[in-house]
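Reading the structure
So the chains spell out like this:
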Amino acid sequence: MELTVGGRQRRTGQAAASPLRAEKKTAGTKGGTAPLRPRSDKADWSQAALSFLQEVNRQDAEKQRKLLEARQKGNGELDALTKALKTMDNCRKIASRIMRGDKVPPQDERYLMENDPDGYKLAMACRTPKEKPKEWESVLEDEDREGGDCSGSGGTVEASDGGGAAPEA
């Protein structure tokens, strides 16, 4: 909020009649129309804007190139993560079946024991007995079964839980 006399006159529309305003207006104008401002060269400004835009475009192209390289490099990592996620999912299924008291094939128990020892211990500790346990087929696919059998763990599985009576898929 202005408290000067000029501010009050400006608000009431009498600013043009003020002698202070008239001096300022005539001192800074050319022919009394517009105040003089230092002109900047439009070509220089345009060159600066052009170089700025070129730099931004170069940075964007560099980001796109790095992203593409990361995606190509990340394919191997993605495959490893996909395999790890598949292993975790199989272990989760086997452990949940054991916890419910159902019968799982011995190779599934061995797979769980090798890939998630803590999950195996937890499943065996939380196992609840059933009168008529369901006999599940193996969760594992062929390559998982081959990998689990070739390891030669030689561990024994409890006869009351493993059974081995489940047909192989």
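Whatever comes next refers back to the structure up there.
The shown structure was predicted, so the numbers you read here are calculated from the model rather than taken from an experiment. (Residues numbered from 1 in each chain as written. Predicted model: local features only at pLDDT ≥ 70, side-chain atom pairs only at ≥ 80, totals over all residues. Heavy atoms only, no water.)

**Digging into the pattern of salt bridges**
- Inspection of the entire model under this criterion finds seven salt bridges.
- Of the charged contacts, one joins Glu141 and Lys86 as a salt bridge, the two residues approaching to 3.0 Å between their closest N and O atoms. Here Glu141, found in the loop between α5 (117–125) and α6 (142–149), pairs with Lys86, found in helix α3 (residues 42–99); they are 55 residues apart in sequence, far enough to count as distant.
- With a relative accessible area of 40%, Glu141 lands in the partly exposed category.
- Note on Lys86: relative accessible area 31%, which makes it partly exposed.
- Lys130 is the salt-bridge partner of Asp102, the closest N and O atoms lying 2.8 Å from each other. With Asp102 in the loop between α3 and α4 (106–115) and Lys130 in the loop between α5 and α6, this residue pair connects regions lying 28 residues apart in the sequence.
- When its relative accessible area of 2% is taken as the criterion, Asp102 is described as buried. (Salt bridge = Lys/Arg side-chain N within 4 Å of Asp/Glu carboxyl O. Helix = DSSP H or I, 4+ residues; strand = E, 2+ residues; numbered from the N terminus. Buried < 20%, exposed > 50% of the residue type's maximum accessible area, 1.4 Å probe, protein only.)

**Here we look at the packing of α4 against α5**
- Taken N-terminus to C-terminus, the directions of α4 and α5 make an angle of 125°; their axes are 5 Å apart at the nearest point. Taken together, α4 and α5 sit at an angle that is classed as oblique. Every residue of α5 that contacts α4 at Glu109, Leu112, Met113, Glu114 and Asn115 is listed here: Pro117, Tyr120 and Met124.
- For the contact of α4 with α5, the class distribution of residues is five nonpolar, one polar and two charged. (Axes fitted to C-alpha atoms, helices over the stretch in contact; angles between N-to-C directions. Parallel < 35°, antiparallel > 145°, perpendicular 65-115°, else oblique. Contact = heavy atoms within 4.5 Å. Nonpolar A, V, L, I, M, F, W, Y, C, P; charged D, E, K, R; others polar.)

**Quick word on the packing of aromatic side chains**
- Evaluation of the coordinates by the stated rule reveals zero aromatic pairs.
- Directly above the ring of Trp136 sits Arg97, whose terminal nitrogen or CZ lies 3.7 Å from the centroid.
- We note Lys134 situated over the ring of Trp136; from NZ or CZ to the ring centre the distance is 3.9 Å. (Phe/Tyr/Trp six-rings, centres within 6.5 Å; stacked < 30°, edge-to-face > 60°. Lys NZ or Arg CZ within 6 Å of the ring centre and 35° of its normal.)

**Description of the side chain of Asp108**
- As for its position among the elements, Asp108 is in helix α4.
- Buried charged residue Asp108 carries no salt bridge. Nearest counter-charge: Arg97, at 4.9 Å.
- A polar side-chain atom of Asp108 sits 2.6 Å from a polar atom in the side chain of Ser138.
- At 3.0 Å, the side chain of Asp108 forms a polar contact with the backbone nitrogen of Val139.
- The contacts of Asp108, once residues within four sequence positions are left out, are Ile94, Glu137, Ser138, Val139 and Leu140. (Lys, Arg positive; Asp, Glu negative; His and termini not counted. Polar contact = N/O pair within 3.5 Å; in protein donor to acceptor, adjacent residues only side chain to side chain.)

Any link to function would need more than the numbers given here.
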